[in-house]
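An overview of the molecular structure
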Amino acid sequence: MPSTLTEATDPWCLRPGEAGELLRGHPWHRFVVLGDSVAEGLCEPVDGYPDVQWADRIAAELRGVRPDLAYLNLGRRGLRAHEVRATQLTDALAFGPDLALVVCGGNDAFRPGYDPDAVDAELSAMVTALRDAGADVITVGMFDVSHSPAVPDALRAGLGERMRRLSTHTRAVAQRLGTLHVHLTDHPLVADPSLYSGDGRHGSARSDAVATAETLRVLATRDTSRPPAGDDLRHGPTPAA
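Residues numbered from 1 in each chain as written. Predicted model: local features only at pLDDT ≥ 70, side-chain atom pairs only at ≥ 80, totals over all residues. Heavy atoms only, no water.

**Regarding the overall build of the chain**
- Of regular secondary structure, the chain possesses nine helices and five strands.
- Counting helices and strands in the order they occur from the N terminus, the chain gives α-β-α-α-β-α-β-α-α-β-α-β-α-α.
- Its C-alpha radius of gyration of 17 Å places the chain within 12% of the 18 Å reference for a compact globule of 241 residues.
- Its C-alpha atoms give the chain principal-axis dimensions of roughly 50 × 45 × 25 Å.
- Taking all contacts inside the chain whose residues are at least 6 apart in sequence as the whole, residues at least 24 apart take part in 78%.
- With the model as given, the accessible surface of the chain reaches about 10500 Å², and the carbon-plus-sulfur share is 54%.
- Taking the 24 positively charged and 33 negatively charged side chains of the chain as two groups, their mean positions are separated by 2 Å. (Helix = DSSP H or I, 4+ residues; strand = E, 2+ residues; numbered from the N terminus. Rg over C-alpha atoms; globule rule 2.2 N^0.38 Å. Contact = heavy atoms within 4.5 Å. Areas by Shrake-Rupley, 256 points an atom, 1.4 Å probe, with all protein chains shown as cover. Lys, Arg positive; Asp, Glu negative; His and termini not counted. Charge placed at Lys NZ, Arg CZ, Asp CG, Glu CD.)

**Examining the environment of V173**
- With respect to the helices and strands, V173 occurs in helix α7 (residues 153–177).
- Here V173 falls in the buried class, since its relative accessible area comes to 3%.
- It is 9.1 Å that separates the C-alpha atoms of V173 and A121, two residues lying 52 residues apart in sequence. (Buried < 20%, exposed > 50% of the residue type's maximum accessible area, 1.4 Å probe, protein only.)

**What to know about the pairing of strand β3 (residues 99–103)**
- A large share of β3 lies buried, amounting to five of its five residues.
- Covered by surrounding structure in β3 are L99, L101 and V103 together with A100 and V102, the residues of both alternating faces.
- As defined by bridge partners, strand β1 (residues 30–35) adjoins β3 across five bridges and the pair is classed as parallel. Following the sheet pairing, F31 is matched in β3 by L99.
- Two strands pair when backbone bridges link them, and β3 and strand β4 (residues 136–141) are joined in this way by three bridges, in the parallel orientation. Following the sheet pairing, L99 is matched in β4 by D136. (Pairing = 2+ DSSP bridges.)

**What about the packing of helix α6 (residues 116–132) against α7?**
- Orientation of α6 relative to α7, taken along the N-to-C sense of each, is 35°, at an axis distance of 10 Å. Crossing hand, α6 versus α7: right-handed. Together, P116, D117, V119, D120, L123, S124, V127, T128 and R131 of α6 and R165, L166, H169, T170, V173, R176 and L177 of α7 make up the contact between the two elements.
- Partitioning the contact of α6 with α7 into residue classes produces seven nonpolar, four polar and five charged. (Axes fitted to C-alpha atoms, helices over the stretch in contact; angles between N-to-C directions. Left-handed = near helix turned anticlockwise from the far one by under 90°. Nonpolar A, V, L, I, M, F, W, Y, C, P; charged D, E, K, R; others polar.)

**As for the sheet that holds β1**
- Spatial ordering of the open sheet is given by β2-β1-β3-β4-β5, a layout of five strands whose pairing is parallel. Across the chains shown, the open sheet's two edge strands, defined by having one partner strand only, are β2 (70–73) and β5 (180–183). The mean inter-strand angle of the sheet, taken between neighbouring strand axes irrespective of direction, is 15°.
- Running over the sheet, α6 touches β1, β3 and β4 and is turned about 155° from β4.
- Here helix α8 (residues 205–219) sits on the sheet in contact with β3, β4 and β5, set at roughly 150° to β5.

**Some thoughts on the confidence of the model for the chain**
- On average, residues of the chain score 90 in pLDDT, and 91% of them are at 70 or above.
- This stretch, residues 230–241, has a pLDDT under 50; its non-local contacts, to residues over four places away or in other chains, come to 27 contacts. (pLDDT = per-residue confidence, 0-100.)

Printed below as a string of structure tokens:
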């Protein structure tokens, strides 16, 4: 039976006025997004949930508090981690961000030959460059798409193991480099089929709504009394959220 939930009634989504409370007085003026299709936004529509992808929703909520916020989304579908760094990092730095979202590695993890250390190196290089340039950085442990009903049973176990390894490695990078980390892989809804699109690779509008709520709650944990990111690294990383 189809779900009768909407974003307004979904207990895992933002409540009216919650975004403004979470982001009240936020310090960011320039928000850049780097990554693959998750960053670009390929969510499948779901009745009752706005057809607005995750990164655009975050930008809209940030602008709700600071209307002059500048936003650039460089995400492009199909890219592996090394391609994200090669094609997007220079433009991201040129934008002069003070907040950056980096989400990649999923296309690497879809391959049986996934090399977690190689992905870690690419992610670390991007995070370090953005932090050194003065940006706070958001990293993400993605929903485990192996739970999607569209994933063939024969592929489910291997894909799930790689997606969870990617998430574990990304969290370790986040802890080492002091990012604002959004961990979705163990979310209570991770096995709910309504989170996933029919292509077996992406999420739905519901997953983007849930991810937005979790991201804003992490952003609200930022210590506004700490120095800018570039200075922060000289004193060691702060723990990931």
